[in-house]
Amino acid sequence: MIAAKVIDNIWATRKADSLRGLKFMLVEVLGGIDAGRLLIAADTIGAGFGERVLVCTGSSARKMLDRDDVPIDAVIVGIIDEDCAF
Amino acid sequence: MIAAKVIDNIWATRKADSLRGLKFMLVEVLGGIDAGRLLIAADTIGAGFGERVLVCTGSSARKMLDRDDVPIDAVIVGIIDEDCAF
Amino acid sequence: MIAAKVIDNIWATRKADSLRGLKFMLVEVLGGIDAGRLLIAADTIGAGFGERVLVCTGSSARKMLDRDDVPIDAVIVGIIDEDCAF
Amino acid sequence: MIAAKVIDNIWATRKADSLRGLKFMLVEVLGGIDAGRLLIAADTIGAGFGERVLVCTGSSARKMLDRDDVPIDAVIVGIIDEDCAF
Amino acid sequence: MIAAKVIDNIWATRKADSLRGLKFMLVEVLGGIDAGRLLIAADTIGAGFGERVLVCTGSSARKMLDRDDVPIDAVIVGIIDEDCAF
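Below: a short report on this structure. Predicted model, so just to flag it, every value in this text is computed and none were measured.

Next up on the list: the relation of the copies chain C and chain A. When chain C is brought onto chain A, the operation consists of a screw motion whose angular component is 72 degrees and whose axial shift is 0.0 Å, with 0.0 Å RMSD remaining. With respect to symmetry, the two chain copies, as superposed, fit the operation of a five-fold axis. Take the interface residues of chain C: only 9% of them recur as interface residues in chain A, which is what a contact between different surfaces looks like.

Taking C-alpha atoms only, the smallest gap left between chain C and chain D, which are not in contact, amounts to 10 Å. Here chain A and chain E are not in contact; the least distance found between their C-alpha atoms is 10 Å.

Contacts between chain C and chain A engage 32 residues on the former and 27 residues on the latter. Both sides of the chain C and chain A interface together cover about 2200 Å² of buried area, and 56% of this is carbon and sulfur. Of all residues in chain C, the largest losses of buried area upon contact with chain A belong to R14, P71 and D73 of chain C, amounting jointly to 27% of the total for that side. The tally of links between chain C and chain A comes to 3 salt bridges. A salt bridge links D34 of chain A to R37 of chain C; its shortest N-O distance comes to 2.7 Å. Summed over the shared surface of chain C and chain A, the result is 14 residue pairs in polar contact (both at pLDDT 80 or more).

Moving on to the interface of chain B and chain D. Every contact between the two is made by 32 residues of chain B and, on the other side, 27 residues of chain D. Both faces considered, chain B and chain D share a buried interface measuring about 2100 Å² in area, 56% of it formed by carbon and sulfur atoms. Looking at the side of chain B facing chain D, the largest losses of area belong to R14, P71 and D73 of chain B, adding up to 27% of the total buried there. There are 3 salt bridges connecting chain B and chain D. In this structure, K63 of chain D and D68 of chain B form a salt bridge, with 3.2 Å as the shortest nitrogen-oxygen distance. When contributions to the side of chain B that touches chain D are tallied by element, the ones reaching two or more residues are β1 (2–10), β2 (14–15), β3 (23–29) and β4 (38–43) of chain B. Here the side of chain B that touches chain D gets 5 residues from one element, more than from any other, and that element is β4 of chain B. For the side of chain B that touches chain D, the residue count by class is 18 nonpolar, 5 polar and 9 charged. In this structure, β2 of chain B lies alongside strand β6 (residues 74–79) of chain D, joined through 2 bridges in antiparallel fashion.

A few words on the nonpolar core. Counting residues in hydrophobic clusters, the biggest one holds 115 residues, and the most contacted among them are I72 of chain A, I72 of chain B, I72 of chain C, I72 of chain D together with I72 of chain E. Leaving out residues up to four positions away in the same chain, I72 of chain E has contacts with M1, C56 and S60 of chain C together with L19, L22, F24, A42, G58, A61, R62 and L65 of chain E.

Bringing the environment of V75 of chain D into the picture now. All names here are of chain D. Take V75: it is sitting in strand β6. By relative accessible area, which is 0% here, V75 ends up buried. Along the backbone, V75 and V55 are 20 residues apart, and their C-alpha atoms lie at a distance of 5.5 Å. If we skip the residues at most four places from it in the chain, V75 touches A41, A42, L54, V55, C56, A61 and M64.

You can see D73 of chain B is positioned in the loop between β5 (52–57) and β6 (74–79). Despite its burial, D73 of chain B pairs with no opposite charge; the closest candidate is R62 of chain B, at 9.1 Å N-O. Reaching out from D73 of chain B, the side chain makes a polar contact with the backbone nitrogen of T57 of chain D at a distance of 2.7 Å. Apart from the residues within four sequence positions on either side, D73 of chain B is in contact with C56, T57, G58 and A61 of chain B together with M1, V55, C56, T57 and S60 of chain D.

Let us now look at the relation of the copies chain B and chain D. For the pair of chain copies, the relating operation is a rotation around an axis with a shift along it. Of the transformation superimposing chain B on chain D, the axial component is 0.0 Å and the angular component is 72 degrees, with the fit at an RMSD of 0.0 Å. A different interface surface on each copy is seen, since only 9% of the contact residues of chain B are contact residues in chain D too.

What counts and how
Residues numbered from 1 in each chain as written. Chains lettered and ligands numbered in written order. Predicted model: local features only at pLDDT ≥ 70, side-chain atom pairs only at ≥ 80, totals over all residues. Heavy atoms only, no water. Least-squares fit on C-alpha atoms with pLDDT ≥ 70 in both. Contact = heavy atoms within 4.5 Å. Buried area = accessible area lost by both parts, 1.4 Å probe. Salt bridge = Lys/Arg side-chain N within 4 Å of Asp/Glu carboxyl O. Polar contact = N/O pair within 3.5 Å; in protein donor to acceptor, adjacent residues only side chain to side chain. Helix = DSSP H or I, 4+ residues; strand = E, 2+ residues; numbered from the N terminus. Nonpolar A, V, L, I, M, F, W, Y, C, P; charged D, E, K, R; others polar. Pairing = 2+ DSSP bridges. Core = buried A, V, L, I, M, F, W, Y, C linked by side-chain atoms within 4.5 Å. Buried < 20%, exposed > 50% of the residue type's maximum accessible area, 1.4 Å probe, protein only. Lys, Arg positive; Asp, Glu negative; His and termini not counted.

Here is the structure:
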């Protein structure tokens, strides 16, 4: 997984039917040589702007949803505790 | 997913039979340290030149199609709203 | 796999239900041009801070668990021997 | 997919049995910040040196073959038309 | 696939049970902008130090083994012929 910070919402009215109802967030990778990389991750657990999150990528991202037929490759799987100092 | 901008069509007359009928677009990654990376994504939702799109990569890209036997690893899954300022 | 060094714990109280009970470690890639890349890997074999570990990424990471429905994309699969000089 | 240029053959007499009969080509990524990245892709459609090709990577590469048990992660899926100016 | 050079053995006494009996090699990516990247690949075909090998990554790496439940994401699938000049 990647540690990232939620920085914005992404709105896409025209999208795959299977993505309807999913919330998409722009996240920025934190730390290391990938710092500053941007990803768009689906969010099903209600992360807020500025929160640090765990992002899971690839085929495993689909395991966060109840269905396996959704074209997503990045999803927020956890919110890093505020007092977790890394 | 990745935010990218559609910059061109890609034409390939000689290609895998399973790719016939699919439209391929050259897209350029937007923002972050990957800005300027080029990808070729299949497009089934009719994105236009200059539009900002959500691109899904990896095995999940195949979920955008009705069949699972197509060798594609990147597909446009949504068009970012014009007034979405990120 | 990637050779990495365990540098910290990652705590995420709010997370996917399927991730409950899993331990997450911040690891830093060792050597080569990716040195300094940070990843968060699930740990089921008890790696300690400072230890060098083998990290498996992508869909294969799920093979380290008994279930295939867990959204993880990186897992510690081994601990490199202390006297392995690379 | 990635746009790449075919630059050489790769010969490997000792290889996995399931790879026998497959042709491997060294390709170089074209354009963008990944320009100059080298990959080795299986070729089943007869691309020639100097041609620009579409390369599909990851698990989707296996969809180009009739069998799913072949350890390849990159395959040429199309040849970009000569008059496609990108 | 990636062309890489075998540079060392990696020993990990404590590891996933399913990895027992597998040999792990440190390999260094050859050529292009990824030159110098280090990977650890399972080896089932007996590559020697200094040899140039084809490394398959991702889920396809598992296709090199008889079982699909092994957490590996990189495997040596061939040895590049000594007289293959690339």
